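Inside the fold
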Amino acid sequence: MNGAAAPEPTEAPAPSPQVPLDWRFSQVFGERGAGEDVQDVDIISAIEFNKSGHHLATGDRGGRVVLFERTDAKDHVSRKDAEKADYSISRHPEFRYKTEFQSHEPEFDYLKSLEIEEKINKIKWCQETNGASFLLSTNDKTIKFWKVQEKKVKKICEMNMNPSNAPANGSPAGSTMCGSSARTPNGGILKPGGLPLLRLPVVTSQETSLAANCRRVYAHAHDYHINSISNNSDGETFISADDLRINLWNLEISNQSFNIVDVKPTNMEDLTEVITSAEFHPSHCNTLAYSSSKGSIRLVDLRQSALCDTHSKLFEQHEAPGSRSFFTEIIASISDIKFSMDGRHILSRDYMTLKVSF
């Protein structure tokens, strides 16, 4: 209208080619020598970071739990802060060996004539308290609650009195009688009929060592192999799941649990699927999800009923007609599920794919 020429449309800049990610090992644990055979007990069967990412726990087939901790504690920042920062962190996180302990031993169930392996199936970190770390570890049948903390060990090199200098009658050597009392070399007074001079230890040094103590043992609650455990956001309860049931535990009560999910049919011949994994919601203490061997994920609300026979939401992928084969159920079986940090998404892993549900 005003006679000015309309600006010519400019072409959008061509997108820069995406640089492929370069994956490499930043740190390797458990290196073996040339020609050294790998023992079956040394094979890792479970691994778990704690919530902050500063500690790492691994479990093996020999029933051992090995803990690692970050050594660059002064340099590392949280993941959220690192994403907001306008600089790149050139140094990779480094972990060092912290401690290890024997979590489980091989057992034998004489009632069922069943040998129970010591292999660690799952490890879960609990909330830290007063500088001590807590974690849950489980094999096929038994769950244990561990406390790992630093303890100062005092070393004693000598006593403050040489016992060879003390006379046989109990009076300290070099004491002088003063009326009805005896004066000891260190200035104290020994009354008649009293005990010999008290020998006190002299502490020369204090060493710090890590000690792992088993605080609770949760046993005899599962007829089938435990495949997963998960902590609740309330910090007081956790769940354990086997092929057909999910039990709810209180961390302070080891002799009682509540069965909240039971998929065992009246007739075992009618069994069509089993539970493969279960996990609590990261922030809602009343919500949990569990997966099945048929590729479905069920969301459960504990507020609905004591026994969660029905689900709040079902995630499953329908099969195309005529596509079912002998390997269909094997490929569709979900081996593990994880909630995202905000709890809005569920990542599931089956035989060949990863799927995100929301």
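Refer to the preceding data block for the structure.
Residues numbered from 1 in each chain as written. Predicted model: local features only at pLDDT ≥ 70, side-chain atom pairs only at ≥ 80, totals over all residues. Heavy atoms only, no water.

Before going further, it helps to spend a moment on the pattern of salt bridges. Working definition: two side chains of opposite charge can pair if their charged atoms are close together. Counted under the stated rule, the structure contains twelve salt bridges. Residues Arg96 and Glu69 are paired through a salt bridge, measuring 2.4 Å at the closest nitrogen-oxygen approach. On the criterion of sequence distance, the pair formed by Arg96 in strand β4 (residues 95–102) and Glu69 in strand β3 (residues 64–70) is long-range, its members being 27 residues apart. For Arg96, a relative accessible area of 42% puts it in the partly exposed group. For Glu69, a relative accessible area of 17% gives the class buried. The shortest N-O distance in the salt bridge between Glu69 and Lys98 comes to 4.0 Å. Of the two residues, Glu69 sits in strand β3 while Lys98 sits in strand β4, which places them 29 residues apart along the sequence. Counted as one network, the salt bridges with shared partners bring together Asp42, Asp60 and Arg64. (Salt bridge = Lys/Arg side-chain N within 4 Å of Asp/Glu carboxyl O. Helix = DSSP H or I, 4+ residues; strand = E, 2+ residues; numbered from the N terminus. Buried < 20%, exposed > 50% of the residue type's maximum accessible area, 1.4 Å probe, protein only.)

This part is about the sheet that holds β3. Pairing in this open sheet of four strands is antiparallel, and the strands run β1-β2-β3-β4 from one edge to the other. Where the open sheet ends on each side, the last strands, each with one partner, are β1 (44–49) and β4. Averaged over all pairs of adjacent strands, the angle between their axes in this sheet comes to 20 degrees, without regard to strand direction. With five bridges joining them, strand β2 (residues 55–60) and β3 adopt antiparallel strand pairing. Bridging from a neighbouring strand, Leu56 pairs with Phe68 of β3. (Pairing = 2+ DSSP bridges. Axes fitted to C-alpha atoms, helices over the stretch in contact; angles between N-to-C directions.)

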